[in-house]
Amino acid sequence: MKPIIQVKNLYTAYGKHIIHNNISFEVEKGEIFAILGGSGSGKSTLLRSMILLNRPKAGKIEIFGEDIWSLKEDKKNMFLNRCGVLFQFGALYSSLNVLENVGIMLEEYSSYSKKEIQEVSKIWLEMVGLNKRVYQLYPYELSGGMKKRVGLARAMAIGPEILFLDEPTSGLDPASAGKFDELILKLKEMLNLTIVMITHDLDSIADTVDRFILLKDGQIDFDGNLKEFVFEARTEGLTEDNLFNSTRGERFWKEI
Ligand SMILES: Nc1ncnc2c1ncn2[C@@H]1O[C@H](COP(=O)(O)OP(=O)(O)OP(=O)(O)O)[C@@H](O)[C@H]1O
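Residues numbered from 1 in each chain as written. Predicted model: local features only at pLDDT ≥ 70, side-chain atom pairs only at ≥ 80, totals over all residues. Heavy atoms only, no water.

**Re the overall build of the chain**
(1) Moving on: Helix and strand counts for the chain stand at 9 helices and 10 strands.
(2) Moving on: Expected size for 256 residues packed as a compact globule is a radius of gyration near 18 Å; at 18 Å, the chain falls within 12% of this value.
(3) Moving on: With the principal axes as the frame, the chain shows a C-alpha extent of 55 × 45 × 35 Å.
(4) Moving on: Here the chain holds 256 residues, and 51% of them are scored as buried.
(5) Moving on: By sequence separation, contacts in the chain at least 24 residues apart represent 65% of the contacts at least 6 residues apart.
(6) Moving on: As displayed, the chain offers around 12,800 Å² of accessible surface, 50% of which is attributable to carbon and sulfur atoms.
(7) Moving on: Looking at the chain, you have 32 positive and 36 negative side-chain charges, and the mean spots of the two groups are 4 Å apart. (Helix = DSSP H or I, 4+ residues; strand = E, 2+ residues; numbered from the N terminus. Rg over C-alpha atoms; globule rule 2.2 N^0.38 Å. Buried < 20%, exposed > 50% of the residue type's maximum accessible area, 1.4 Å probe, protein only. Contact = heavy atoms within 4.5 Å. Areas by Shrake-Rupley, 256 points an atom, 1.4 Å probe, with all protein chains shown as cover. Lys, Arg positive; Asp, Glu negative; His and termini not counted. Charge placed at Lys NZ, Arg CZ, Asp CG, Glu CD.)

Next up, the structure:
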């Protein structure tokens, strides 16, 4: 089967500052795929270019078999409707309560009635482990972990085929991060979702990620799974510095 995402000879830049210098990679349907790299290596720029927020200078990004940057306006919206996005801090609307935040995408992009939107929103809030006590709360009343869960419920409510996550466990305590990982795995298994995430979290990578790329100096320094990475890191001197969040991952280093 053709990969769900194919990035071919991609160049991105801000002015003269080249961020990605001719990179290519693929993501298979149903995979949990991660983008790693040190600070400023271009992880967010890459993710943004896959959801039509950052136009590449050259190269192609094919998703669902189409060159996404060549799509006409109406097709762009159809494409975005097939993608759920969870930004780093949840990106919730501060003037909307939790229930409204989850329903907002459906209000804009679906033909559901108000009542149906509320029902779908409630189902997704329950799926991500939030009960009715939070429906009427506003973002400022939520913890970081709750904000991420609401953001995830909102991303899932549109029924995406690909879920993009920007550092989903950063800022969470280890127990909440572990629960978030379980949730991601559950979603993937139930819905055969493809998940693309930026992460520094070694436990998340060990527990959930099938394969990752490592960005460095505009190139892909590594493409493979964690076992292969550790092997290469040891035999070829790839640097492990600055890639992983030091508060998690102890279990992984003990087990290998
Ligand atoms: N809108 C912008 N205009 C100009 N330069 C930018 C812009 N956004 C990012 N950059 C620069 O591009 C480079 C890559 O940024 P990007 O945010 O993609 O990296 P990152 O790997 O996600 O970093 P971090 O882990 O710190 O979030 C950085 O040097 C950054 O300063």
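**A short note on the environment of proline 3**
(1) Moving on: Position of proline 3 among the secondary structure elements: in the segment before β1 (5-14).
(2) Moving on: Taking the C-alpha atoms as reference points, proline 3 and phenylalanine 64, separated by 61 residues in sequence, lie 8.2 Å from one another.
(3) Moving on: When sequence neighbours within four positions are dropped, the list of residues in contact with proline 3 reads Glu26, Val27 and Glu28.

**Quick notes on the packing of aromatic side chains**
(1) Moving on: Considering all chains together, one arrives at 5 aromatic pairs under this definition.
(2) Moving on: Ring centres of phenylalanine 25 and phenylalanine 33 lie 5.4 Å apart, and the angle between their planes is 10°; this geometry places the pair in the stacked category.
(3) Moving on: Summarising the aromatic geometry, the rings of phenylalanine 64 and phenylalanine 79 are spaced 6.0 Å apart at their centres and angled 65° between planes, so their arrangement reads as edge-to-face. You can see phenylalanine 64 sitting in the loop between β4 (58-63) and β5 (66-67) and its partner phenylalanine 79 sitting in helix α2 (residues 73-80), a full 15 residues away along the chain. (Phe/Tyr/Trp six-rings, centres within 6.5 Å; stacked < 30°, edge-to-face > 60°.)

**With respect to the pattern of salt bridges**
(1) Moving on: Inspection of the entire model under this criterion finds 10 salt bridges.
(2) Moving on: Across the pair arginine 211 and glutamate 31 runs a salt bridge, and its minimum N-O distance is 2.8 Å. Placement of arginine 211 in strand β9 (residues 211-216) and of glutamate 31 in the loop between β2 (17-27) and β3 (32-37) is noted, with a sequence separation of 180 residues between them. We note that arginine 211, like glutamate 31, is buried. (Salt bridge = Lys/Arg side-chain N within 4 Å of Asp/Glu carboxyl O.)

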